[in-house]
Structure formats: structure tokens, C-alpha cells
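# A look at the structure
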Amino acid sequence: MLEQAKKVRLMIFDVDGVMTDGRLYFNDAGEELKAFNSLDGHGLKMLQQSGVKLAIITGRSSNLVLHRAKNLGIEYVYQGAHDKLASFEELLREVGVTADDCGYMGDDVIDLPVMRRVAFAAAVPDSPALVRQYAHYVSGSQGGAGAVREVCELIMQSQNTLDAALAPYLR
């Protein structure tokens, strides 16, 4: 298992292209719509229950993201983060951890400054080659289609918490 994933105490996710498929949908009123994967959601809940804190840093702003974060119990949400590194530094201060305690999953070059600072960096397979180059792990699943769940389980497996998280379902 990845040694880098063992260190993660705070896992941070981008939204568009990671928690969603990256496509932007708008209705006739101009309201943005996003589709989130329920498997990813359960993975996030299991990871959080294992003791890993969760956060979101996204370049776009949307009430949908706030609703999804609240539904999942994600306390730390930074939206409109055009300088994701500045948001990351603020998050470190707020949570009281160091970059060596963190993981980050992104999909584009805007994510690179944070990916290059954390202990564990993950990307989705359709990320640009440069982004995949800086990832410790590239998921087999696409963003919005199980990539987040895959990374959550990878972290739990590396920290020996996955079996305990799955045990209640195997009784």
C-alpha cells in the first residue's frame, strides 16, 4: 500500500472533475447543477468515521457544494478558491495540522500547488499528464464515478481501518 496515504489525517478534495464528472450543467434560469456519486459519499463517510478529517477546496462557488458538504458532514469548505494554495494554508491554520498530515485529490493544473505540498496527492485518470505526473496515486475510476470512493478506501486500507469500516456490512 502507499506509504504516503498512511500519513493522511486531513483529506482534501476538489469538486468539479473529482467529486463530479467535471461537466457543468445549467438550467434555463442559469442555476448550476451537479451530479454527485452516492458510492463516493459513503466512502467519504467511512473515511471520516475512521478518524480522517475531510475538506473541500474548489475554484467555483455553488450552494450545491455547501449542501453536499453538509449532507456528508464535511466541516471545512473553501469555495471560489482561485489561489488554492492560499486556501490550503488557511485550512492548515484552521485545523491545526501541517502539510505532512494532508492528502489532496485534484484533476487540473490549478490543483498542482497543493498537490505538490501534501504528503499524499491523488488525481483522476483524465487529468492532464502534468497533474498525473505529480500524483502519488491515479484512480482507475473517473471523477464523479467512484474515484473518491477508491481513494477513501485506499487511505483506509493503508491505515488498516478499512476492514473495521466494512465489518458491519459483512455480519
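Residues numbered from 1 in each chain as written. Predicted model: local features only at pLDDT ≥ 70, side-chain atom pairs only at ≥ 80, totals over all residues. Heavy atoms only, no water.

### Comments concerning helix α4 (residues 84-95)
The terminal C-alpha atoms of α4, which comprises twelve residues, lie 16 Å apart, in line with the 16 Å expected from a rise of 1.5 Å per residue. Taken as a whole, α4 has its buried residues at Lys84, Ser87, Phe88, Leu91, Leu92 and Val95. An end-on view of α4 places all buried positions within 145° of arc, on one side of the element. Residues of α4 that are buried in the fold lie against β1 (10-13), β4 (53-57), β5 (76-78), β6 (102-106) and α5 (112-115). The N-cap residue of α4 is Asp83: its side-chain oxygen and the backbone nitrogen of Leu85 are 3.3 Å apart. Remark: Gly96 follows α4 within two positions and exhibits a positive phi of approximately 80°. (Helix = DSSP H or I, 4+ residues; strand = E, 2+ residues; numbered from the N terminus. Expected span 1.5 Å × (residues − 1). Buried < 20%, exposed > 50% of the residue type's maximum accessible area, 1.4 Å probe, protein only. Arc of directions from axis to C-beta. Contact = heavy atoms within 4.5 Å. Polar contact = N/O pair within 3.5 Å; in protein donor to acceptor, adjacent residues only side chain to side chain.)

### Considerations on the nonpolar core
Counting residues in hydrophobic clusters, the biggest one holds 30 residues, and the most contacted among them are Met11, Phe13, Met105 and Phe120. Elements represented by at least two residues in this core include exactly β1, α2 (38-49), β4, α3 (63-72), β7 (120-123) and α7 (147-158). Considering each element in turn, this core owes the most residues, seven residues, to α7. The residues touching Met105, leaving out its near neighbours within four places in the chain, are Met11, Ile12, Phe13, Asp14, Val18, Ala122, Ala123, Val124, Ser139, Ala147, Val148 and Val151. Ile57, Val95, Leu112 and Val114 belong to the second largest nonpolar core, which has 23 residues in total. (Core = buried A, V, L, I, M, F, W, Y, C linked by side-chain atoms within 4.5 Å.)

### Digging into the environment of Asp21
If you trace the backbone, Asp21 turns up in the loop between β1 and β2 (25-26). Overall, Asp21 belongs to the partly exposed group, its relative accessible area being 35%. C-alpha separation for the pair Asp21 and Gly144, spaced 123 residues apart in sequence, amounts to 4.4 Å. Look past the residues within four positions of Asp21 in its chain and what remains in contact with it is Gly143 and Gly144.

### Things to note about the pairing of β1
Residues Leu10 and Ile12 of β1 are buried on one face, and the alternating residues Met11 and Phe13, pointing to the opposite face, are buried as well. Bridging between β1 and β4 involves four bridges; their strand directions are parallel. Looking at the pairing, Leu10 lines up with Lys53 of β4. With four bridges connecting them, β1 and β6 associate as parallel partners. Following the sheet pairing, Met11 is matched in β6 by Gly103. (Pairing = 2+ DSSP bridges.)

### Quick notes on α3
Burial in α3 covers these residues: Val65, Arg68, Ala69 and Leu72. The arc that holds every buried residue of α3, seen down its axis, measures 100°, which confines them to one face. Residues of α3 that are exposed and angled more than 90 degrees away from the buried face: Asn63, His67 and Lys70. Where α3 begins, the side chain of Ser62 points an oxygen toward the backbone nitrogen of Leu64, at a separation of 3.1 Å. Positive phi appears at Gly73, one or two residues downstream of α3, with a value of about 75°.

### Digging into the packing of α2 against α7
Viewed as axis vectors pointing N to C, α2 and α7 meet at an angle of 25°, and their least axial separation amounts to 7 Å. The angle between α2 and α7 falls in the class roughly parallel. Judged by the sense of rotation from one axis to the other, the crossing of α2 with α7 is left-handed. On α7, the residues that touch Leu39, Asp40, His42, Gly43, Leu44, Met46 and Leu47 of α2 are Ala147, Val148, Arg149, Cys152, Glu153, Ile155 and Met156. Residue composition of the contact of α2 with α7, grouped by class: nine nonpolar, two polar and three charged. (Axes fitted to C-alpha atoms, helices over the stretch in contact; angles between N-to-C directions. Parallel < 35°, antiparallel > 145°, perpendicular 65-115°, else oblique. Left-handed = near helix turned anticlockwise from the far one by under 90°. Nonpolar A, V, L, I, M, F, W, Y, C, P; charged D, E, K, R; others polar.)

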